[in-house]
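Below, each chain spelled out in residue letters.
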Amino acid sequence: MSRNREPFASLLLYSALKWTVVSPILQVYFRGRIYGAENIPQTGPLVVVSNHASNYDPPLVSYCVRRPVAYMAKEELFKIPILKQVIELYGAYPVSRGSADRSAIRAALKYLDEGWAVGVFLQGTRTPDGRITDPKRGAALIAGKAKVPLLPVCLWGTQEIEQKGAVTPRSVPVTVRIGELIDAPSSTDKEELEAITKQCAATINALHDLGR
């Protein structure tokens, strides 16, 4: 049976981390700006698609959409006592090396059925300038199978946060822009998934072009 909201314990942990850690970092250290918050549905399953340029992106996206966002994480992290329970509450789900596509899709569909927002980086990996050049169909496939809308989110400036050899993140300006909802694909036909994927990529890149 599907739910309309994430578990209460997950919402509690999300709120605690949001206000004690992520909010000060984004608002003060990164001088964060957020646009388009009115486009975010606060309840119900949702696929959040975004660009990806740093390891700081998942908590920043989750903070800006004002609700927990479930992301895949390395299977090894779930073998560490206490950490396993914490990251599961926060929405992380394990993905085995070599079978990421199948296991990620199954886990994402389970979270969506429970009322979560599920996050997918559209290119599947970090890009050097934050722009999407080779989008993957995974997000559209998940949205099509679950019959839920996609929310495009653009992170601008996060590629400058991490510098090779540096221990601490750089204090750089970060802007997050949230686009309008994109309807779920009506089928999992390859051509339709490709069209939705290109629409998501074009929307995020257009938001990225707006800059700071």
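Scope of this entry: the structure provided in the associated data block. Every chain is numbered independently, its residues counted from 1 as its sequence is written. Local features in a predicted model are, by the rule used here, given only for residues with pLDDT of at least 70; side-chain atom pairs are given and counted only at 80 or more, and totals for whole chains, interfaces and linings are based on all residues. To get the side-chain values, take all heavy atoms of the structure and skip hydrogens and water.

## Things to note about the side chain of R177
Stated formally: Numbering of helices and strands runs from the N terminus; a helix is a DSSP stretch of H or I covering at least four residues, while a strand is a stretch of E covering at least two. Type-normalised accessible area, obtained with a 1.4 Å probe on protein chains alone, sets the label of each residue: buried when under 20%, exposed when over 50%, and partly exposed for intermediate values. Neither His nor the chain ends is counted toward charge; the positive residues are Lys and Arg and the negative residues Asp and Glu. What makes a salt bridge here is a side-chain nitrogen of Lys or Arg within 4 Å of a carboxyl oxygen of Asp or Glu, nothing more. Note on definitions: a residue-residue contact is assigned when non-hydrogen atoms from the two residues lie within 4.5 Å.
The residue R177 is located in strand β8 (residues 175-178) in this model. Of the side chains with opposite charge, E38 lies nearest to the buried R177, which makes no salt bridge, at 9.6 Å. Once you skip the residues sitting within four places of it in the chain, R177 turns out to touch Y35, P152, V153, C154, L207, L210, G211 and R212.

## Examining unusual backbone geometry
What is expected of a backbone is that most residues other than glycine have negative phi and most peptide bonds are trans. Of note in this structure, R31 is not a glycine but carries a positive phi near 50 degrees. Topologically, R31 is positioned in the loop between α1 (8-29) and β1 (33-35). Classification of R31 as partly exposed rests on a relative accessible area of 38%. The residue R66 is not glycine, and still its phi comes out positive at about 65 degrees.

## A closer look at α1
For clarity, the cut-off: Multiplying one less than the number of residues by 1.5 Å gives the expected span of a helix. One axis fitted to the seven residues ending at a residue, another fitted to the seven starting there: the angle between these axes is the bend at that residue.
The end-to-end C-alpha distance of α1 is 29 Å, a good match for the 32 Å that 22 residues give at a rise of 1.5 Å each. Approximately 50 degrees is the largest bend angle found in α1, and it occurs at K18. Buried residues of α1: S10, Y14, K18, V22, S23 and L26, and no others. For α1, the elements touching its buried residues are β1, α2 (57-64) and α3 (83-89).

These figures capture arrangement, not role.
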